[in-house]
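Summary of the model geometry
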Amino acid sequence: MMAAGAAAEAGADVTLLEKNDRLGKKLRITGKGRCNVTNACGVQELIANVPANGRFLFGAVSRFTPWDLMSFFEERGLALKTERGDRVFPCSDKAGDVVQCLQGYVEGTGCCLAWGAADKLLLEEGAVKGVQLRSGRCIEADAVVVACGGMSYPLTGSTGDGYRLARQAGHRVVPPVPSLVPLTAAEDWCRDLQGLSLRNVSLWAEDVTTGKTVYKDFGELLFTHFGLSGPLVLSASAHMRPMQAGRYRVHINLKPALSEQQLDLRLQRDFTTNRNRDFINSLGALLPRKLIPVAVRLSEIEGNLKCNQITREQRQAFARLLQDLTLTVQGFRPIEEAIVTAGGVAVDEVNPATMGSKLVSGLYFAGEVLDVDAYTGGFNLQIAFSTGRLAGQAAAKTAG
């Protein structure tokens, strides 16, 4: 939508081809339906949040910054707000309002909407001449922008069509892998905690092969039948490359606000108050109910042991467990469950000043179809908007 509107504003006759029955189907589910449209940060900070090929985006993001995008929406009547981590959302908390604003932009600039799926590019003597739809219909064009996403959430239409079109044009496609995706864990006790959401915990991810911490943050996570999900975990997954079973460990501090000494003092008070109660029945004020039997099992302290019988060594070991609950990562969940796809059209075959193909004249790429992906926080949508706008403007000049 951004590419189409930008090309039309630049004077081109534009046809926006949509395979779904409505525009913005994937956009409507982003940010849990709230749509984190961008991050209120500078260009350098945004680039720093792109783990691979960030420099490739410098020109596109410099020409259309997060601040430019915020102005774009607000000038069209979409009020925005900035939340923790400089994440920007519509004030209405409705992703549909973002889609409606963009659709109004597309229609207001005079774009023609065509419904159907692109089957192949029409290529002739090293230049693109349009697209052929699966229905057999051909749409002739002097320029084509491929902006159909990656492979995550395929029910929204992201089924890797852009990779197929790129390969047809001779482009190299870096094999797609999931990013910002839940993690599977080796520990079977995760199943016992399925559905438990923890807020205000800290998490750090360790690369066992190097001993280095590859990610650390504070926030919310979710236990699932297969392992871990939630904002902290999705962000951590983007740092786990390459993924190999057992290469990474996730450490969770359930009580990050307390030092080791403070937590030990807290346990001493709780055990004194509950001196005649069983250990397993003394933890209700300290831990969520669902977590208690798992924590007791991992502590190797007998659940029916009276609190006044717990030794100093057992108490201190339990405190360490609470501040370093460790899981072994077995891998990513399937790419269909990822928020974004890493990999895509190799950027060394794309001109960063125009998003144009270096192999085929008149062919442009934008958004997730490119081999660029960022951490959570609105960065990925900003990449889509910036590259889409640049590609649309450049395509209009080609068609001009």
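Preceding this paragraph is the structure being described.
Anyway, here's the lowdown on the structure attached to this text. Remember, predicted model here, so these are calculated numbers, not experimental data.

1. As for the overall build of the chain
Of regular secondary structure, the chain possesses eleven helices and 20 strands. Overall, the chain is about 85 × 40 × 35 Å in size when its C-alpha atoms are taken along their principal axes. For the chain, with 400 residues in total, the buried portion stands at 52%. Taking as baseline every contact in the chain between residues at least 6 positions apart, the subset at least 24 positions apart corresponds to 73%.

2. With respect to the sheet that holds strand S4 (residues 87-90)
Reading across the sheet, the three strands line up as S2-S4-S3 and stay open at both edges, with antiparallel pairing between neighbours. This sheet does not close on itself; its edge strands, each paired only once, are strand S2 (38-39) and strand S3 (80-83). Of the strand pairs in this sheet, S2 and S4 are connected by two bridges, and their pairing is antiparallel. Residue Asn-39 lies in a different strand from S4, and its bridge partner there is Arg-87.

3. Details of the environment of Val-345
The residue Val-345 is located in strand S17 (residues 340-345) in this model. For the pair Val-345 and Val-329, spaced 16 residues apart in sequence, the C-alpha separation works out to 28 Å. The contacts of Val-345, once residues within four sequence positions are left out, are Ala-166, His-171, Arg-172, Val-173, Val-350, Phe-365, Val-369, Leu-370 and Asp-371.

4. Some thoughts on the environment of Arg-172
Within the secondary structure, Arg-172 is located in the loop between helix H6 (161-168) and strand S10 (173-179). Put simply, Arg-172 and Ala-346 are 174 residues apart on the chain and 5.7 Å apart in space, counted from C-alpha to C-alpha. Excluding residues within four positions of it along the chain, Arg-172 makes contact with Gly-344, Val-345, Ala-346, Asp-348 and Glu-349. Within polar-contact distance, the side chain of Arg-172 engages the side chain of Asp-348 at 3.0 Å.

5. Let's talk about the packing of aromatic side chains
A full pass over the atoms with the stated rule returns seven aromatic pairs. Pairing Phe-73 with Phe-385 gives two aromatic rings, centres 5.7 Å apart and planes at 80°, and the pair type is edge-to-face. Of this pair, Phe-73 sits in helix H4 (residues 66-75) while Phe-385 is found in helix H11 (residues 379-399), placing the two residues 312 residues apart along the sequence. Residue Phe-73 is classed as buried on the basis of its relative accessible area, which comes to 0%. Both rings, one in Trp-189 and one in Phe-223, keep their centres 6.3 Å apart while their planes meet at 55°; by these two values the pair is tilted. Of this pair, Trp-189 sits in the loop between strand S11 (183-185) and strand S12 (197-207) while Phe-223 sits in strand S13 (residues 212-223); the two residues are 34 residues apart in sequence, bridging distant segments of the chain. Like Trp-189, the residue Phe-223 is buried in the burial classification. Among the aromatic side chains, those forming a connected cluster through ring pairs are Phe-64, Phe-72, Phe-73, Tyr-105 and Phe-385. The ring of Trp-204 is capped by Lys-216, whose NZ or CZ atom sits 5.9 Å from the centre of that ring.

6. Brief notes about the side chain of Arg-389
Mapped onto the elements of the fold, Arg-389 is located in helix H11. A relative accessible area of 14% means that Arg-389 is categorised as buried. Residues contacting Arg-389, with those up to four places away along its chain left out, are Met-2, Ala-6, Glu-9, Phe-64, Phe-72 and Tyr-105.

7. Regarding the pattern of salt bridges
This model, assessed by the stated rule, comprises 20 salt bridges. A salt bridge links Glu-368 to Lys-26; the nearest nitrogen and oxygen atoms lie 3.3 Å apart. Taken together, the residues Glu-368 in the loop between strand S20 (363-365) and H11 and Lys-26 in the loop between strand S1 (15-18) and S2 connect sequence positions 342 residues apart. Lys-26 matches Glu-368 in its accessibility class, with the two residues each being buried. The shortest N-O distance in the salt bridge between Arg-297 and Asp-192 comes to 3.0 Å. Note that Arg-297 is positioned in helix H9 (residues 292-299) and Asp-192 in the loop between S11 and S12, a separation of 105 residues in sequence. On the accessibility criterion, Asp-192 (40% relative accessible area) is partly exposed. Among the charged side chains, a salt-bridge network with shared partners connects Lys-19, Arg-134, Asp-161 and Arg-164.

8. Observations concerning the sheet that holds strand S15 (residues 248-253)
Two orientations exist for strands paired in a sheet by backbone hydrogen bonds: parallel and antiparallel. The six strands lie next to each other as S11-S14-S13-S12-S15-S16, forming a closed barrel whose pairing is antiparallel. Across the sheet, the axes of successive neighbouring strands diverge by a mean angle of 45°, strand direction being ignored. Relative to strand S16 (residues 325-332), S15 runs antiparallel, the two being bridged by four bridges. The residue bridging His-251 from the neighbouring strand is Thr-326, located in S16.

About the criteria used
Residues numbered from 1 in each chain as written. Predicted model: local features only at pLDDT ≥ 70, side-chain atom pairs only at ≥ 80, totals over all residues. Heavy atoms only, no water. Helix = DSSP H or I, 4+ residues; strand = E, 2+ residues; numbered from the N terminus. Buried < 20%, exposed > 50% of the residue type's maximum accessible area, 1.4 Å probe, protein only. Contact = heavy atoms within 4.5 Å. Pairing = 2+ DSSP bridges. Polar contact = N/O pair within 3.5 Å; in protein donor to acceptor, adjacent residues only side chain to side chain. Phe/Tyr/Trp six-rings, centres within 6.5 Å; stacked < 30°, edge-to-face > 60°. Lys NZ or Arg CZ within 6 Å of the ring centre and 35° of its normal. Salt bridge = Lys/Arg side-chain N within 4 Å of Asp/Glu carboxyl O. Axes fitted to C-alpha atoms, helices over the stretch in contact; angles between N-to-C directions.

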